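# Structural overview for review
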Number of protein chains: 2
Amino acid sequence: MATPADATRPHRAPLNTQAVLRAAVALADESGVDALSMRKLAQALGVAPMALYKHVDGKDELLDGMIEVVIGEIDPPEPGVEWKTAIRRRVLSARQMLLRHPWASQVIEARTKVRPTPAVLAYMDTMIEIFRSGGLSVDLTHHALHTMGSRLLGFSQELFNESGGDDQEPDPETSRAMAEQYPNITALVTAITHDEGSVVGAGCDDQFEFEFALDLLLNGLERLHDAAS
Amino acid sequence: MATPADATRPHRAPLNTQAVLRAAVALADESGVDALSMRKLAQALGVAPMALYKHVDGKDELLDGMIEVVIGEIDPPEPGVEWKTAIRRRVLSARQMLLRHPWASQVIEARTKVRPTPAVLAYMDTMIEIFRSGGLSVDLTHHALHTMGSRLLGFSQELFNESGGDDQEPDPETSRAMAEQYPNITALVTAITHDEGSVVGAGCDDQFEFEFALDLLLNGLERLHDAAS
DNA sequence: ACAATTAGGTATACGCCGTACGCCTGTCAA
DNA sequence: TTGACAGGCGTACGGCGTATACCTAATTGT
């Protein structure tokens, strides 16, 4: 007679796999992926650590499940759109997801090296489909994927965003030492931050920079495609 | 009278910071960075775990030191070379380093988010110098750095290299299921691996793909630079 | 109607990890 | 001679992932 909701004991809702994954994503979003442990996650769900293993095979599979969740947040491709626009929208949507979940980039990269998850494979599959139905050759599509997947430097992205990462103003002495040791960085940063007063504090417009890179690349691919026709 | 080398007790060489860092790099190279623990490193050096803390401040600082070591392996810039060639050589040299130390990319990215090491800053500084002395504007240099630092996808790079990561041949049934679920990936992979019999097993020429991406980007930057002149 | 199965949660324990703290022992300068 | 100190060691603490065994309530087959 008792419905599952008003059972006599302080039953919390019986906790399925999706709930575990969503809680894990939320916890990683707010505390960082390093602070995501099975024990902390269990505590956040009001449950003993080992209870999680009834719903998830282990930490690696938990991470894979979290990947599935966030990849699912990327907008699906719209049919009947020109390939360059379609790719552009998809990549920008993926970027929005990565900004919402700062841990995702690192986790996806690490886990994909071991074994790509179905959602990652599906994402890649639709990307290929867009290129191919846009008329790009197999070879050019292949090159395009590699080009968009490579990072060429492997780091550096976050150097300007917060000018160092810590929050306090650099005291004059250290900033003078900085200017001495890294004159080119210093010159570039001051030039950037002093231009166009529109930018709020310091730093640059990341969205603009991202689209700059994306368009540079897409235009290059289009040029190659046109030349081949 | 006893030289440090022939001391009476089984003294191993007194173990300085550089030796610790080099051992850590070697251990990460052969066992992966996940298997690199202070305890394992100490064991590899024939020393108690806590001995390391006399030479390194902690694990994070150990990782920073390892970054300094591998960044030091990147060829220094040669003066008097045209900017595009200079950048090209530097980036390819950095890539060789990253191939030698598969853990480096991940570690550098993670630590740079916290605080960039001096070597990373110095590397960036010389990159900026090359662009600027090549005549590129501050803005274009800025864009160039972002473009080369962004990955646009964040993953996917390793999908083709080993067609899945595990070593056994996929049995016919699973590969049929693959072909059904990811038709575009399947089509692309089979087309790539069946072309040009020159390629040994399966997979593609990573070096070629990397240079393709690099040149696509450098040519795009050059075009923008010429248009601005 | 009742026994058997099972799904969901728990408690305990093992072996790893990073590292704070204190101690010991040679070496060498004053 | 003495005392500082550099280098190394042992112990211990809290946190981690997770194997194993156990408990309880619901569900199901007969």
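Above this text sits the structure in question.
These numbers were taken from a predicted model, which means no experiment stands behind them.

### As for the packing of aromatic side chains
All names here are of chain B. Scanning the entire structure with this criterion turns up 2 aromatic pairs over all chains. Taking the centre distance of 5.9 Å and the plane angle of 45 degrees together, the rings of Trp83 and Phe131 count as tilted. With Trp83 in helix α4 (residues 83-100) and Phe131 in helix α6 (residues 118-133), this pair connects stretches of sequence that are 48 residues apart. Neither residue differs from the other here; Trp83 and Phe131 are each classed as buried.

### Things to note about the protein's contact with DNA strand C
Inspection of the region around DNA strand C gives 19 residues, with A:Ala48, A:Lys54, B:Met38, B:Arg39 and B:Lys59 positioned closest. Close to the protein, within 4 Å, the atoms of DNA strand C are drawn from sugar and phosphate at a rate of 45%. Contacts to DNA strand C include A:Lys54, whose side-chain N or O atom sits 2.4 Å from a base oxygen. Measuring from a phosphate oxygen of DNA strand C, one finds a backbone N or O atom of B:Met38 at 2.9 Å. The class makeup of the residues in the surface near DNA strand C is 10 nonpolar, 3 polar and 6 charged.

### Topic: the relation of the copies chain A and chain B
Mapping chain A onto chain B is achieved by rotating through 180 degrees and translating by 0.0 Å along the same axis, at an RMSD of 0.1 Å. Such a combination of rotation and displacement between the chain copies is what one expects of a two-fold axis. Considering only C-alpha atoms, the part of chain A nearest the rotation axis is A:Arg151, at 2.2 Å. Counting the interface residues of chain A, we find that 100% of their copies in chain B are interface residues as well, pointing to one common contact surface.

### So, the packing of helix α3 (residues 59-71) of chain B against α6(B)
The axes of two packed helices give the description: the angle between them and the distance between them. Residues and elements named next belong to chain B. Between α3 and α6, whose axes approach to 8 Å, the crossing angle comes to 35 degrees. Note on element contacts: α6 touches α3 through Pro118, Ala119, Val120 and Tyr123, opposite Ile67, Glu68 and Ile71. Class assignment for the residues of the contact of α3 with α6 results in 6 nonpolar, no polar and 1 charged.

Rules used throughout
- Residues numbered from 1 in each chain as written.
- Chains lettered and ligands numbered in written order.
- Predicted model: local features only at pLDDT ≥ 70, side-chain atom pairs only at ≥ 80, totals over all residues.
- Heavy atoms only, no water.
- Phe/Tyr/Trp six-rings, centres within 6.5 Å; stacked < 30°, edge-to-face > 60°.
- Helix = DSSP H or I, 4+ residues; strand = E, 2+ residues; numbered from the N terminus.
- Buried < 20%, exposed > 50% of the residue type's maximum accessible area, 1.4 Å probe, protein only.
- Near = heavy atom within 4 Å.
- Polar contact = N/O pair within 3.5 Å; in protein donor to acceptor, adjacent residues only side chain to side chain.
- Nonpolar A, V, L, I, M, F, W, Y, C, P; charged D, E, K, R; others polar.
- Least-squares fit on C-alpha atoms with pLDDT ≥ 70 in both.
- Contact = heavy atoms within 4.5 Å.
- Axes fitted to C-alpha atoms, helices over the stretch in contact; angles between N-to-C directions.

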